[in-house]
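Chain residues, written in single-letter form:
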Amino acid sequence: MTVLALGAYTLDLYMFGGRLPSAGESVNAAEYATAHGGKAANVAVAAARLGAPARFAGCLGEDADRSAALAALRADGVEVGDCAIAKGVATGRSFVYVDDQGRQIVMTWPGAAGLLAPERAAAAAARLPAGSVLVLQGEIPVATSCAAAAAVSPGVRLLVNPSPAEAFLGADGADLLSRADVVVLNEAELGVLTGGRTADFSRSLGLRTKGGAVVVTRGERGAEVSDDHGTMLVDAPRVDAVDTTGAGDAFTGTLAATLRAGLSLAAGVRLACRVAAVSVTRRFCVPSYPSAGELGLAPLHGPPAQEISA
């Protein structure tokens, strides 16, 4: 059993400054840095650092960034045998701007990440054994993610993070959401997908018919979980945020790791809130994600003897 995160790796280009620019405005940055990123790659690392067997499947460019990306993922224990190379195309880039309160805006150019062939995605998903978790996002064509979702065997759980949300507004996006066992999204993404009609967001996203669950992350206010048992609020630890970039991916990767290990959704969300809270106290995405040891937890290798209390 494993966590397979299928989607994008991007090289993150960061600028840190006092405030974020408004439309049409130029603002000087105080610092510049680069780091590894991309939603699927982030999710795989977050899961692996908690002890879950993790794989990343994506497409990288024919450039030096590909070698650095694969080496970094392997160093975190992530399997990368399902990665493809796009000839003559650069590895993707994300441009991240962070203010002195930790708030951020991000614009992503997928580059090679958007060229993962649907048949290759489907082949990677088809090899997952029962009990595994397949994690999909919106940084690659949704049709490619649909091919992967359609190929999984019975007993594989599908966790979908519809981000960017606009990618899920068409028929392919609706189909992928309807297949999901768990949908994880933030408040802004929820508003886009439901047209602002969020009173019953599980029904709005078409999940009630298959018994799926929706988890809405609400930043410092924790997360809201809706499933057939009702709605539950989970608080987040209070912290001083330095950089919120990648906190959603930390949450998603943690939740995937806990579901693979056999924890309940409630226990998984509690731990995911805790991991995300740690991540925002540090800069960047992958460098901010804690290990199980840092959290005082046993690695999530397999079914736990008891549920984790966050």
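Just above sits the structure.
Remember, predicted model here, so these are calculated numbers, not experimental data.

### Comments concerning the pattern of salt bridges
Thought 1: In this structure the tally under the stated criterion is 14 salt bridges.
Thought 2: The salt bridge partner of Arg282 is Glu294, with a shortest N-O separation of 2.8 Å. Residue Arg282 is found in the segment after helix H9 (265–279), and its partner Glu294 is found in the segment after H9; the two are separated by 12 residues along the sequence.
Thought 3: The exposure class of Arg282 is partly exposed, given its relative accessible area of 28%.
Thought 4: By relative accessible area, Glu294 is classed as partly exposed at 48%.
Thought 5: One connected set of salt bridges, linked through shared partners, spans Glu187, Arg218, Arg221 and Glu224.

### Regarding a nonpolar patch on the surface
Thought 1: Nonpolar side chains collect at one region of the surface, where Met15, Tyr32, Phe95, Tyr97 and Ile105 lie side by side and expose about 460 Å² of accessible area between them.
Thought 2: Judged by its relative accessible area of 37%, Met15 falls in the partly exposed class.

### Some points on the nonpolar core
Thought 1: Judged by nonpolar contacts, the single largest core of 65 residues is most densely connected at Phe56, Leu159, Val215, Phe251, Leu255, Leu265 and Val269.
Thought 2: The greatest single-element share of this core, amounting to nine residues, is contributed by H9.
Thought 3: Residues in contact with Val215, not counting those within four places in the same chain, are Val182, Val183, Val184, Leu185, Ala223, Glu224, Val225, Phe251, Leu255, Leu265 and Val269.
Thought 4: The next biggest cluster of nonpolar side chains, apart from the first, holds 35 residues, and it includes Ala86, Val156, Val160 and Val216.

Reading guide: rules and limits
- Residues numbered from 1 in each chain as written.
- Predicted model: local features only at pLDDT ≥ 70, side-chain atom pairs only at ≥ 80, totals over all residues.
- Heavy atoms only, no water.
- Salt bridge = Lys/Arg side-chain N within 4 Å of Asp/Glu carboxyl O.
- Helix = DSSP H or I, 4+ residues; strand = E, 2+ residues; numbered from the N terminus.
- Buried < 20%, exposed > 50% of the residue type's maximum accessible area, 1.4 Å probe, protein only.
- Patch = residues over 30% accessible without salt bridge, like charges linked within 9 Å, V, L, I, M, F, W, Y side chains within 5 Å.
- Areas by Shrake-Rupley, 256 points an atom, 1.4 Å probe, with all protein chains shown as cover.
- Core = buried A, V, L, I, M, F, W, Y, C linked by side-chain atoms within 4.5 Å.
- Contact = heavy atoms within 4.5 Å.

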